[in-house]
Amino acid sequence: MDIISQMQEQVNSIALIALNTFGTLQRDAPPVRLSPNYPEPPANPTETINTTEQPKEMSAALVQAAKKFDALVAALPLNGGEEAQVKRIAELQAENEVVGLELQKELEAAELELKQVQELFSQASGKCLNLKKPD
């Protein structure tokens, strides 16, 4: 997977962690009185949710995902500016052409060798068939 795809995956991961964190915090938050004019919200004594450890764990996961993204950004080849990138692209294209020609030569040699092996197989099988006695 290339670095841009890894970065996109990491951004998606950060978004998912943030969404889950905010949703969980909102869901598990204790009721709060909005105004002195409103009655005290009813407490929910049946649920015992650890509201101190869970946010810490979720925050740690979010920070860890952000650090991974920062590491991916730091790994991007950003040296030299646009001219250096254009030059590097030209070098890579030239290298690709050379490798492509080598690959084409290897393919032609392999096809020639295949034809030779098929011919030898045909000759050998023809001789074997001629050696068999008729029933």
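Residues numbered from 1 in each chain as written. Predicted model: local features only at pLDDT ≥ 70, side-chain atom pairs only at ≥ 80, totals over all residues. Heavy atoms only, no water.

- Per an unreviewed UniProt entry, the recorded name for the protein is Mediator of RNA polymerase II transcription subunit 21, and the organism is Platanthera zijinensis.
- Heading Subcellular location (unreviewed entry) of the UniProt record for the protein holds this comment: "Nucleus". (UniProt positions renumbered as here; feature names shortened; annotations may be inferred.)

**Section: the overall build of the protein**
- Scanning the protein from terminus to terminus reveals 3 helices and 0 strands.
- Secondary structure elements of the protein, listed N to C terminal, follow the sequence α-α-α.
- Within the protein, the fraction of its 135 residues that count as buried is 7%.
- For the protein, contacts bridging at least 24 residues in sequence account for 75% of all contacts bridging at least 6.
- Element-wise, carbon and sulfur atoms account for 60% of the exposed surface of the protein, whose accessible area totals about 11,800 Å². (Helix = DSSP H or I, 4+ residues; strand = E, 2+ residues; numbered from the N terminus. Buried < 20%, exposed > 50% of the residue type's maximum accessible area, 1.4 Å probe, protein only. Contact = heavy atoms within 4.5 Å. Areas by Shrake-Rupley, 256 points an atom, 1.4 Å probe, with all protein chains shown as cover.)

**Examining the packing of helix 1 (residues 3-28) against helix 2 (residues 53-74)**
- Packing of helix 1 against helix 2 brings their axes to within 9 Å, and their N-to-C directions diverge by 165°. As judged from the angle between their axes, helix 1 and helix 2 are roughly antiparallel. Between helix 1 and helix 2 the crossing geometry is left-handed.
- Among the residues making up the contact of helix 1 with helix 2, the classes are represented as 16 nonpolar, 6 polar and 3 charged. (Axes fitted to C-alpha atoms, helices over the stretch in contact; angles between N-to-C directions. Parallel < 35°, antiparallel > 145°, perpendicular 65-115°, else oblique. Left-handed = near helix turned anticlockwise from the far one by under 90°. Nonpolar A, V, L, I, M, F, W, Y, C, P; charged D, E, K, R; others polar.)

**Quick look at the side chain of threonine 24**
- Among the secondary structure elements, threonine 24 is positioned in helix 1.
- Judged by its relative accessible area of 10%, threonine 24 is buried.
- One polar contact links the side chain of threonine 24 to the main-chain carbonyl oxygen of asparagine 20, over a distance of 2.7 Å.
- Setting aside residues no more than four positions away along its own chain, threonine 24 makes contact with Gln54 and Met58. (Polar contact = N/O pair within 3.5 Å; in protein donor to acceptor, adjacent residues only side chain to side chain.)

**Thoughts on the pattern of salt bridges**
- Enumeration according to the criterion identifies 2 salt bridges in this entry.
- One salt bridge connects aspartate 28 with arginine 27, and the closest N-O pair in it is separated by 2.7 Å.
- Taking relative accessible area as the criterion, aspartate 28 reaches 12% and is therefore assigned buried.
- For glutamate 91, the salt bridge goes to arginine 88, with nearest N and O atoms at 3.7 Å. Residue glutamate 91 and its partner arginine 88 are both found in helix 3 (residues 81-131); the two are separated by 3 residues, about one turn of the helix. (Salt bridge = Lys/Arg side-chain N within 4 Å of Asp/Glu carboxyl O.)

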